[in-house]
Number of protein chains: 2
Amino acid sequence: MEYKAVIALDAMGGDNAPMEIVKGAVDAVKEKKDIKIILYGDKERVEKELEKYEYEKDQIKIVHTTEEISCNEAPAMAIKKKKDSSLVVAIRSVRNGECDAVISAGSSGAVLVGGQILVGKGKGVKRAPLAPLIPTEKGISLLIDCGANVDARPEHLLQFAQMGSIYMEDVIGIKKPKVAIVNIGVEEAKGNALVKETYPLLKACKNINFIGSIEARDIPKGDADVIVTEAFVGNVILKLEEGLASTLVHKIKEGMMSTTRSKLGALLVKPALKETLKTFDASEYGGAPLLGLKGLVVKIHGSATAKETKNAIFQCVTFKEQNINEKIVSHLSAEVEKEKQETGGDK
Amino acid sequence: MEYKAVIALDAMGGDNAPMEIVKGAVDAVKEKKDIKIILYGDKERVEKELEKYEYEKDQIKIVHTTEEISCNEAPAMAIKKKKDSSLVVAIRSVRNGECDAVISAGSSGAVLVGGQILVGKGKGVKRAPLAPLIPTEKGISLLIDCGANVDARPEHLLQFAQMGSIYMEDVIGIKKPKVAIVNIGVEEAKGNALVKETYPLLKACKNINFIGSIEARDIPKGDADVIVTEAFVGNVILKLEEGLASTLVHKIKEGMMSTTRSKLGALLVKPALKETLKTFDASEYGGAPLLGLKGLVVKIHGSATAKETKNAIFQCVTFKEQNINEKIVSHLSAEVEKEKQETGGDK
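**Things to note about empty space enclosed by the protein**
All names here are of chain A.
And then number 1: Per the counting criterion, the structure on display carries 3 cavities of 30 Å³ or more.
And then number 2: When its volume is computed, the largest cavity comes out at roughly 50 Å³.
And then number 3: Surrounding the largest cavity, Asp10, Met12, Gly13, Glu68, Ile69, Ser85, Ser86, Leu87, Ser104, Gly106 and Ser107 form its lining.

Here is the structure:
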């Protein structure tokens, strides 16, 4: 049978591997009959997990690997040396064309480095950004870039805006996604040198719906669908959101347990509150795509559950169905071509 | 009588002016008999507020001003043109030596510009940072710089670390405050160009307790007392904290009101929760000092209450008592002197 998409899963990466990763794969193939999943990892351990479930055997295959990359290893070195690790072999399957996308809950650094080195950038792509989906009051936004390549230039940010728009429109299904650049004020004259140089490029870009600057306080409100920023700032935003949310929820729980009266109240509000906090739970929304490569690489949380794994798989399927890679490359090469002509003309 | 400190208050700045500002002044002089406060603003309106209270008349004076600066005005222009505005006259009183410090809840931009232009930088100070106190799990941290001067250089960040340390130790009373630089990882090799260049300077600096890098997720935990960063990133951190906290609290309230059962529970947890959330309320901790000037300028929230005003006044009094300006200037000029000698020696 011809499958709509073949997805590679690093079955050994993350805190809950292989258990939750394997369960996510099974849950995914139960819902979608026209996809195939390849699990990369220790055959014996993965098989033991698979035995727990009933599913269409043809839809899940195991590729045995003998090594694992831990979060404590230097990423570049690990990718180079551990050639038979679950992550490296899984990523290679995308490079080889065997799989359409690869998902890993393993070491962020190794996924980033591995994606860039082993899969390689698409034609016309200047830099591959990591773009996590972050929860907001209205739903989700794409925060692009949160990767490891800091000190971006304006032309990188312009490409991030275009890649992010394509992803949000065609994978997540948001029509004409609103693109904004992170800034310290909303006036066009505000910002640091990078933002001031990038702003007119975004404004002039015909194929995105640029709405201007966004201040950090408005990010959680969901005022923009694609939030463009340089990786250092993106990383700060992502990690501060995680840290502050966990600190606040912790404080609130502590507060609720502080008196007998409030303990009783806590029992009553708990179910409703759980539902509310779920909308702010990043695991509901799949992972962070590393865009602009010759194939899709998706990083999910180290603590990823079966649900996050399944959601990430479905995102990858849509990515393939919608030919996102082709769209990104054709968009960006057209821009690069135009740029060349203009530069040529100026001389 | 000789007063320990004379504090200038912009009585017309902020959403609750002059009412809350005047009340804050009265509350302060009731607690401290050896301070004096000068209220700058519309005499009639300020007097009307003052009439509500009993206090030692000698401790509060009014200086009548005829203009006000609003948040919608271009800061530099407003400071230049509105010479008889409450803010400009209040700031001038520090420059003239009539007052030791000035506090305003008015336009952030105008306070920043006014402070720098009208008071001026202290000897040896390369750049004056705005350093708000932010609530954490453990208490408060100083986030330095959140001002309007972006694209800082390593030598600016080094000075911010020293000024912030002096402030936290001598004004807030934290012994050997832990200084950290905002980074995207804790390893020394991580970071953007600015952080990589600044790190060794901080490490080599003898008069601060540098503990290395801090990731944004650990800021709310209170792992560092002085959090050094460039103004663009500082601004993003400050505003994201405000935005996310308000979004989360809003969501939680909404969740609690979603079912009859949870509504009942909400009534029971409310008092305890209020107490908890108070620890995350920035108004408990006074304002954001603009450090490194020839006098102290403090920005409090636009929504500042009497309590925040009073707390800011007490911080200014400590600032004066501890001779913070002299300490900052002597620390920084010693560094600048050393730098000159080293540069001289190299040639």
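From this point on, the discussion continues.
**Comments concerning the sheet that holds strand E10 (residues 288-290) of chain A**
Residues and elements named next belong to chain A.
And then number 1: If you walk across this open sheet you meet the 6 strands as E3-E2-E1-E4-E11-E10, and the pairing is mixed. A single partner strand is all that each edge strand has here, and the edge strands are strand E3 (60-64) and E10. Between one strand axis and the next, the sheet turns through 25° on average, direction left out of account.
And then number 2: Pairing geometry for strand E4 (residues 101-104) and strand E11 (residues 296-299), over 4 bridges, is parallel. Across the sheet, residue Ala101 finds its bridge partner in E11, namely Leu296.
And then number 3: Along the sheet, helix H1 (residues 19-31) makes contact with strand E1 (5-10), strand E2 (35-41) and E3, crossing E2 at roughly 170°.
And then number 4: Sheet strands in contact with helix H5 (residues 108-119) are E4, E10 and E11, and its direction is about 175° off that of E11.

**A few points about the interface of chain A and chain B**
And then number 1: Taken together, the contact pairs 52 residues of chain A with 52 residues of chain B.
And then number 2: Carbon and sulfur atoms supply 75% of the area that chain A and chain B bury against each other, a total of about 4900 Å² over both sides.
And then number 3: Of all residues in chain A, Ile184, Phe232 and Leu240 of chain A give up the largest surface area on contact with chain B, accounting jointly for 14% of the area buried on that side.
And then number 4: There are 4 salt bridges connecting chain A and chain B.

**Here's the deal with the nonpolar core**
And then number 1: Counting residues in each nonpolar core, the largest one holds 165 residues, and the members touching the most others are Ile37, Leu39 and Ile313 of chain A together with Ile37, Leu39 and Ile313 of chain B.
And then number 2: Sequence-distant contacts of Ile37 of chain B, that is, excluding residues within four places in its chain, are made with Ile7, Leu9, Ala25, Ala28, Val29, Gln59, Ile60, Lys61 and Ile313 of chain B.

**Concerning the side chain of His156 of chain A**
Residue and element names in this part refer to chain A.
And then number 1: For His156, the location among the structural elements is in helix H6 (residues 154-170).
And then number 2: With a relative accessible area of 4%, His156 lands in the buried category.
And then number 3: Setting aside residues no more than four positions away along its own chain, His156 makes contact with Lys126 and Arg127.

**Quick notes on the confidence of the model for chain A**
And then number 1: Confidence in the prediction for chain A averages 90 pLDDT; 96% of positions are at 70 or higher.
And then number 2: The ipTM, which scores confidence in the relative placement of chains, is 0.87 for this predicted complex, and the corresponding pTM is 0.88.

**Quick word on the packing of helix H8 (residues 231-256) of chain B against helix H9 (residues 260-278) of chain B**
Residues and elements named next belong to chain B.
And then number 1: The interhelical angle for the contact between H8 and H9, taken along N-to-C directions, is 155°, at an axis separation of 9 Å. Here H8 lies roughly antiparallel to H9, going by the angle between them. Contacts between H8 and H9 involve Val249, Gly255 and Met256 on the former and, on the latter, Ser262, Lys263, Ala266, Val269, Leu273 and Leu277.
And then number 2: When grouped by side-chain class, the residues that make up the contact of H8 with H9 number 6 nonpolar, 2 polar and 1 charged.

**Topic: the sheet that holds strand E5 (residues 133-135) of chain A**
Residues and elements named next belong to chain A.
And then number 1: Across the sheet, 5 strands lie side by side as E5-E6-E9-E7-E8; this open sheet has mixed pairing. Looking along the sheet, the strands with just one partner apiece sit at the ends: E5 and strand E8 (209-215). Across the sheet, the mean angle from the axis of one strand to that of its neighbour is 35°, orientation sign disregarded.
And then number 2: Note that E5 and strand E6 (residues 140-144) share 3 bridges and pair antiparallel. Its bridge partner lying in E6, Ile134 is registered against Ser141.

**Details of a positive patch on the surface**
All names here are of chain A.
And then number 1: A surface patch of positive charge is lined by Lys80, Lys81, Lys83, Arg92, Arg95 and Lys294.
And then number 2: Looking at the positive patch, the elements with two or more residues in it are helix H3 (75-81) and helix H4 (86-95).
And then number 3: Relative to the assigned elements, Lys294 resides in the loop between E10 and E11.

**Thoughts on the pairing of E2 of chain A**
All names here are of chain A.
And then number 1: The element E2 is extensively covered by neighbouring structure, given that 7 of its 7 residues are classed as buried.
And then number 2: Covered by surrounding structure in E2 are Ile35, Ile37, Leu39 and Gly41 together with Lys36, Ile38 and Tyr40, the residues of both alternating faces.
And then number 3: Pairing of E1 with E2, which is carried by 6 bridges, proceeds in the parallel orientation. Its bridge partner being in E2, Ile7 is matched across the sheet by Ile37.
And then number 4: Of the crossover connections in this fold, the one passing from E1 over H1 to the parallel E2 is right-handed.
And then number 5: In this region the chain leaves E2, passes through helix H2 (residues 43-50) and returns to the parallel neighbour E3; the handedness of that crossover is right-handed.

Cut-offs applied
- Residues numbered from 1 in each chain as written.
- Chains lettered and ligands numbered in written order.
- Predicted model: local features only at pLDDT ≥ 70, side-chain atom pairs only at ≥ 80, totals over all residues.
- Heavy atoms only, no water.
- 1 Å grid on protein atoms, 1.4 Å probe; cavity = no way out; pocket = protein on both sides within 12 Å on 5 of 7 lines; lining within 4 Å.
- Points joined across faces, edges and corners; volume = space filled by probe spheres on them.
- Pairing = 2+ DSSP bridges.
- Helix = DSSP H or I, 4+ residues; strand = E, 2+ residues; numbered from the N terminus.
- Axes fitted to C-alpha atoms, helices over the stretch in contact; angles between N-to-C directions.
- Contact = heavy atoms within 4.5 Å.
- Buried area = accessible area lost by both parts, 1.4 Å probe.
- Salt bridge = Lys/Arg side-chain N within 4 Å of Asp/Glu carboxyl O.
- Core = buried A, V, L, I, M, F, W, Y, C linked by side-chain atoms within 4.5 Å.
- Buried < 20%, exposed > 50% of the residue type's maximum accessible area, 1.4 Å probe, protein only.
- pLDDT = per-residue confidence, 0-100.
- Parallel < 35°, antiparallel > 145°, perpendicular 65-115°, else oblique.
- Nonpolar A, V, L, I, M, F, W, Y, C, P; charged D, E, K, R; others polar.
- Patch = residues over 30% accessible without salt bridge, like charges linked within 9 Å, V, L, I, M, F, W, Y side chains within 5 Å.
- Areas by Shrake-Rupley, 256 points an atom, 1.4 Å probe, with all protein chains shown as cover.
- Lys, Arg positive; Asp, Glu negative; His and termini not counted.
- Charge placed at Lys NZ, Arg CZ, Asp CG, Glu CD.
- Right-handed = clockwise from strand over helix to strand, strands pointing away.

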